[in-house]
Amino acid sequence: MAGRGLSVKEAGMDKPLTDLSRDDIVEFSRKRGEPEWVMRRRLEAYEYLKSSPREPLIDGLLEKVTYRVFIEGLENPILSVSEAVEAARRLGVRPEEIEIIYSGFSVDIDNVMVKTTLKYLKSRGVVFTSMDDAVKRYPLVKDYAFRGLNPTLNRKTAYHVMLWSGGPFIYLPRGVRLPQPLQGVFIIGREGLGQTEHTLIVLENGAELHWIEGCTTPIALRYAVHLGGLEAFVMSGAKLYVTSINNWLGEVHHMPVKRVIVRGKQAYAELTSVAFRSTTSNTAPRIDVYGEGSKATIQNIGLYQGEQRVRGSPLLTLHAPRASGQVLNRTVVKDEAFEEFYGRIRAVKGAVGAVGYMSCNTLMLGERARSITVPAVESEEKNAELSHEASVGRISYNKLYYMALMGFSEEEATWMVVNGFFNPVVHKLPLDVQVEVRKIVELALLGH
Amino acid sequence: MILVLIVVDEEVFINMCLHYLASLAPQVRCVDLLELYDVKVSVKETGRRIVHGVTARLTKPGIYIVMGPNGAGKSSLANAVMGHEAYRVEGRILLDGQDITGLSTAERALRGLTLASQNPEEIEGVRVSEVFARIIKRFRGVESTAEALGLARELLETLGLPASMLNREYMVGMSGGERKKLELARVLAQKPKVALLDEPDSGVDVESLRLVANAVGRLVDEGSIVVLITHQPRLLHYLEPSEVYVMYNGRVVAVGGYELVERIENEGYGWAAQLARSAGAP
Ligand SMILES: Nc1ncnc2c1ncn2[C@@H]1O[C@H](COP(=O)(O)OP(=O)(O)OP(=O)(O)O)[C@@H](O)[C@H]1O
Ligand SMILES: [Mg+2]
């Protein structure tokens, strides 16, 4: 893996990421050899950040990372290929399926299966490459990149657009359906701002893709921020499933930005996140349904433990007639973890016959865990039907007692109940992911 | 060989004899037994005593019937024997000669004691097949999941339940009768030394009663001591009880044979109330 030739000896490298100048951004973009339009997007983000107020939850975390650490992280991710493979394996990816893209570098693994797959995809007109490469080689990218994740959407998105590097670009031409999921693994290999990868997915009419991304670290990190981004565009009749599994080690602050635009009619988009360890997590996945009769799901399952702080603010917006969708949140909160959930479904004026449903279910383990759920449904269209339900439960003594009659210890019973609790979401995920979720839950609750 | 015994009390003596006999002939299984010595049960929260000193020794496989009017303390005693946290227990409860009062419910279950609950709990999102596979692997030493599921299917069949029930969520949305039958199948899966069955026959239709009786019979055939709490003498048409215990107001007021069932059927519990009063009940 080659460095990008950015010099770290230059003056001013020790300022925090929140204090970058316009010149820094111009230079960052130049050195990456990006086309003008990408630089313009970065500068738009920069201007937006200048003009909007600081947000402690975002700026506060980025202030702790210097420009030097950020650049160094991109240049040498101190991660060997074998470490990367090992980390990926821990996320349940079989070595023969691995194609690793991290911090802007695609690691070439001498792997026959991956090569065969890529060759096959290419023959069908599928593009699967790194974003760094894609912005230079595919004019089409310009029509999509940073239009879903618009740099002026909000502060977190602006930071992402200003600092993004690497990530995959996936394009499926009309009618191409991939029966097997594609997987990507993002690995933070060192302290600092580990990840600003940008994933762009475009599905033409009738295309179908299941994209699984895993995020992890090979070692417990002292401090890292994950500011990855994913945007996707789904045309008529296309189906997109995105599953993200996060399982970080050490002090990792997880604050990705995600947005799917469903442009076409009768299409489907699903954003699933499977959230395990992180120090803090601040996510706000969005799906906008513009296509008539199209559907969408934003769902999350999470097991929060220790002193984890998690804030989830998914937003589903129904813009078109008969658009429909659901927001599902199923989480287990344990130890002293604290979860805040602010799910929202909006039906915009004109979304006649739109249907939205939100369901938030929390299972509390232990007395000190906390959870706040504030679901909101907002309809500007009187002929739309939005509803929500929420529940917070504990595992009753009687259930534990009953399961003890079968010989299950409290730990085993809890583990089974938690698996069952996640099941309504998990059983629809690809088998590999199901197995992985079970393993992670087992590790968290049984310690092996 | 000279065997010197220092006799502490009767049950210790008997146990020592049994274990001594077992050691002489290891191929003969040491008899599994449940013994209660002056067991008193009170509700922790209120301190109210609901079982006032029950002594019983169940020493050979068979069916031990427990009858008594509503509120007599039958379920409470069964749950107290299993170690339910709501109850404070005085006295001694021995399983296979060992005091189990200090053990957790799960530990008791792992030692071969279980209860078919009057209120089985739903386990959302977990299939019957998973529960049964885990139980069968653990209690019957079966290693392969396929084999475990084969046996599970057979146990369901014993109770007239379709194999498709394995794919359902455990107890979720099941009818009263289905629950009773599945619960019995679950107990069978554990191959318990001692099975306490709390009204496995209530809410079960006439024809299914025979299936329930079959399952109880199978438990006994597999060597279990079955303690059957019931209000329905009907079930006993299909079974041959070893002993009948009549409970009234937290006391065992009579122990006998089938004639006690007939007496309850004909006369109700008036006579039992009399006996309870003479035993010191208010
Ligand atoms: N956890 C508890 N808290 C308070 N009271 C209890 C508790 N458990 C049992 N009791 C009381 O103890 C008494 C005996 O109840 P129990 O359920 O053992 O009766 P039973 O013999 O099983 O009756 P039934 O035939 O109706 O099932 C009842 O008065 C009941 O209300
Ligand atoms: Mg009862």
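Position labels on residues start from 1 in each chain and follow its written sequence. Lettering for chains starts from A, numbering for ligands starts from 1, and both go in the order in which the items are written. In view of the model being predicted, local features appear only for residues whose pLDDT reaches at least 70, and side-chain atom pairs are presented and counted only at 80 or more, with totals across whole chains, interfaces and linings using the full set of residues. Note that the side-chain values use all heavy atoms of the structure and ignore hydrogens as well as water.

Some points on the overall build of chain A
Thinking step 1. Helix and strand definitions follow DSSP, with helices as H or I runs of at least four residues and strands as E runs of at least two, each counted in order from the N terminus. Summing up its helical and strand segments, chain A has twelve helices and 26 strands in all.
Thinking step 2. Counting all 448 residues of chain A, 60% fall into the buried class.
Thinking step 3. Using a 1.4 Å probe, accessible areas were evaluated by the Shrake-Rupley method; residue-level cover was limited to the displayed protein chains. For chain A, the exposed area adds up to about 17,200 Å²; of that, 51% sits on carbon and sulfur atoms. Classification of residues uses two cut-offs on accessible area relative to the type maximum, computed with a 1.4 Å probe and protein chains only: under 20% is buried, over 50% is exposed, and between them is partly exposed.

Examining the environment of glycine 250 of chain B
Residue and element names in this part refer to chain B.
Thinking step 1. Its location among the elements puts glycine 250 in the loop between strand 11 (243-248) and strand 12 (251-256).
Thinking step 2. Residues glycine 250 and alanine 279, 29 residues apart in the sequence, show an inter-C-alpha distance of 11 Å.
Thinking step 3. For glycine 250, the residues in contact, after removing those within four places along its chain, are Ile50, Val51, His52, Gly53, Val54 and Ala72. Note on contacts: a residue pair qualifies if any of its non-hydrogen atoms lie within 4.5 Å across the two residues.

Digging into the sheet that holds strand 19 (residues 315-318) of chain A
Residue and element names in this part refer to chain A.
Thinking step 1. What the nine strands build is an open sheet, ordered 3-4-7-10-13-16-19-22-25; its pairing is mixed. If you trace the sheet from one side to the other, it starts and ends with strand 3 (127-130) and strand 25 (376-379), each paired once. Taken pair by pair, the neighbouring strands of this sheet meet at an average axis angle of 5°, ignoring direction.
Thinking step 2. DSSP-based pairing: two strands are paired if at least 2 bridges between them are found. Bridge count for strand 16 (residues 286-289) against strand 19 is four bridges, and the pairing is parallel. Each residue of the ladder has a partner; that of arginine 286, found in strand 19, is leucine 315. Interaxial angle, 0 to 180 degrees, is taken between N-to-C directions of lines fitted to C-alpha atoms, where a helix line uses only the stretch in contact.

Quick word on the sheet that holds strand 12 of chain B
Residues and elements named next belong to chain B.
Thinking step 1. Strand order in this open sheet of six strands is 6-9-10-3-11-12, and the pairing throughout is mixed. Edge positions in the sheet fall to strand 6 (113-116) and strand 12, since each has one partner strand and no second. Averaged over all pairs of adjacent strands, the angle between strand axes in this sheet comes to 20°, irrespective of strand direction.
Thinking step 2. Two strands pair when backbone bridges link them, and strand 6 and strand 9 (residues 194-198) are joined in this way by four bridges, in the parallel orientation.

Overview of the confidence of the model for chain B
All names here are of chain B.
Thinking step 1. Predicted confidence across chain B gives a mean pLDDT of 89, with 88% of residues reaching 70 or more.
Thinking step 2. Low pLDDT, under 50, characterises residues 1-15; the stretch is placed with 15 contacts to residues that sit more than four places away or in other chains.
Thinking step 3. Below pLDDT 50 for its whole length, residues 24-29 participates in one contact with residues either more than four positions away or in separate chains.
Thinking step 4. Scored as a whole, the predicted complex attains pTM 0.87, and scored at its interfaces, ipTM 0.90. Per-residue confidence from the predictor is given as pLDDT, running between 0 and 100.

Remarks on the pairing of strand 11 of chain B
Residue and element names in this part refer to chain B.
Thinking step 1. Inspection of the sheet shows strand 3 (residues 62-67) paired to strand 11 by four bridges, in the parallel sense. Directly across from isoleucine 65, in strand 11, lies its bridge partner valine 244.
Thinking step 2. Relative to strand 12, strand 11 runs antiparallel, the two sharing five bridges. Across the sheet, residue valine 244 finds its bridge partner in strand 12, namely glycine 256.
Thinking step 3. The antiparallel hairpin formed by strand 11 and strand 12 contains two residues in its connecting segment, where asparagine 249 sits at a positive phi of about 50°.

Let's talk about the interface of chain B and chain A
Thinking step 1. At the junction of the two partners, chain B supplies 30 residues and chain A supplies 21 residues.
Thinking step 2. The quantity reported as buried area is the accessible area (1.4 Å probe) lost by two parts once they are put together, taken as the sum for both. In total, chain B and chain A occlude about 2,000 Å² of area from one another, counting both sides; carbon and sulfur atoms represent 59% of this.
Thinking step 3. Salt-bridge detection follows one rule: a side-chain nitrogen of Lys or Arg within 4 Å of a carboxyl oxygen of Asp or Glu. Run the count over chain B and chain A and you get three salt bridges.
Thinking step 4. In this structure, the salt-bridge partner of glutamate 412 of chain A is arginine 138 of chain B, at a minimum N-O distance of 2.4 Å.
Thinking step 5. Definition of a polar contact: a pair of N or O atoms within 3.5 Å, with one able to donate and the other able to accept a hydrogen when the atoms are protein atoms, and with sequence-neighbouring residues admitted only if both atoms are side-chain atoms. Run the count over chain B and chain A and you get 13 residue pairs in polar contact (both at pLDDT 80 or more).
Thinking step 6. Elements with a minimum of two residues in the side of chain B that touches chain A: helix 2 (74-82), helix 3 (105-110), strand 6, strand 7 (123-127), helix 4 (128-140) and helix 6 (176-190) of chain B.
Thinking step 7. Element by element, the count of residues in the side of chain B that touches chain A is highest for helix 4 of chain B, at six residues.

Section: the packing of aromatic side chains
Residues and elements named next belong to chain A.
Thinking step 1. Stacked, edge-to-face and tilted are the three classes for Phe, Tyr and Trp ring pairs, Trp counted by its six-membered ring, which pair at centre distances within 6.5 Å; planes under 30 degrees apart are stacked, over 60 edge-to-face, the rest tilted. Scanning all chains against the criterion turns up ten aromatic pairs over all chains.
Thinking step 2. Relative to tyrosine 401, the ring of tyrosine 397 lies with its centre 6.0 Å away and its plane at 20°, an arrangement referred to as stacked. One end of the pair is tyrosine 397 and the other is tyrosine 401, both in helix 10 (residues 397-405) and four residues apart, which spans about a single turn.
Thinking step 3. Judged by its relative accessible area of 6%, tyrosine 401 is buried.
Thinking step 4. Following the ring pairs from residue to residue traces out a cluster consisting of Phe28, Tyr67 and Phe70.
Thinking step 5. Here the guanidinium or amino end of arginine 32 rests over the ring plane of tryptophan 164, the centre of that ring lying 5.0 Å away.
Thinking step 6. Residue placement shows arginine 370 over the ring face of phenylalanine 338; its charged tip is 4.1 Å from the ring centre. The rule is short: NZ of Lys or CZ of Arg within 6 Å of the ring centre and within 35 degrees of the ring normal puts a charge over the ring.

Some points on the environment of valine 426 of chain A
All names here are of chain A.
Thinking step 1. Mapped onto the fold, valine 426 is located in helix 11 (residues 410-426).
Thinking step 2. On the basis of relative accessibility, which here comes to 7%, the residue valine 426 falls in the buried class.
Thinking step 3. Taking the C-alpha atoms as reference points, valine 426 and methionine 235, separated by 191 residues in sequence, lie 26 Å from one another.
Thinking step 4. The contacts of valine 426, once residues within four sequence positions are left out, are Ile301, Gln434 and Val437.

Describing unusual backbone geometry
Thinking step 1. The residue glutamine 266 of chain A is not glycine, and still its phi comes out positive at about 50°.
Thinking step 2. Mapped onto the fold, glutamine 266 of chain A is located in the loop between strand 13 (257-262) and strand 14 (268-275).
Thinking step 3. At lysine 191 of chain B, a residue that is not glycine, the phi angle is positive and equals roughly 45°.
Thinking step 4. Positionally, lysine 191 of chain B belongs in the loop between helix 6 and strand 9.
Thinking step 5. By relative accessible area, lysine 191 of chain B is classed as partly exposed at 41%.

What about the confidence of the model for chain A?
Residue and element names in this part refer to chain A.
Thinking step 1. Across chain A, pLDDT averages 87, with 86% of residues at or above 70.
Thinking step 2. Predicted confidence for residues 1-8 stays below pLDDT 50, and this span has 25 contacts to residues more than four positions away or in other chains.
Thinking step 3. Counting contacts from residues 100-110, a segment whose pLDDT is below 50, to residues more than four positions away or on other chains yields 43 contacts.

So, the site of ligand 1
All names here are of chain B.
Thinking step 1. Lining the immediate surroundings of ligand 1 are 16 residues, of which Lys74, Ser75, Ser76, Tyr87 and His231 lie closest.
Thinking step 2. For ligand 1, an oxygen atom lies 2.5 Å from a polar atom in the side chain of serine 76.
Thinking step 3. If you tally residues by element for the shell around ligand 1, the top one is helix 2, at three residues. Throughout this document, a residue counts as near a molecule or strand when at least one of its heavy atoms sits within 4 Å of that molecule or strand.

Some details on the nonpolar core
Nonpolar side chains in soluble globular proteins tend to be buried together.
Thinking step 1. With 122 residues, the main nonpolar core has Tyr170, Leu182, Leu196, Leu197 and Val246 of chain B as its most contacted residues.
Thinking step 2. Looking at this core element by element, the count peaks at nine residues for helix 11 of chain A.
Thinking step 3. Domain delimitation follows an automatic or database domain assignment. Inspection of this core shows a minimum of three residues originating in each of domain 1 (17-283) and domain 2 (397-448) of chain A.
Thinking step 4. Contact partners of valine 246 of chain B, with chain neighbours within four places excluded, come to Met67, Arg251, Val252, Val253, Ala254, Leu260, Ile264, Tyr269, Trp271 and Ala272 of chain B.
Thinking step 5. Residue types Ala, Val, Leu, Ile, Met, Phe, Trp, Tyr and Cys, when buried and joined through side-chain atoms within 4.5 Å, form a set referred to as a nonpolar core. Formed by 48 residues, the second largest nonpolar core is a distinct cluster that contains Val176, Leu240, Val289 and Ala296 of chain A.

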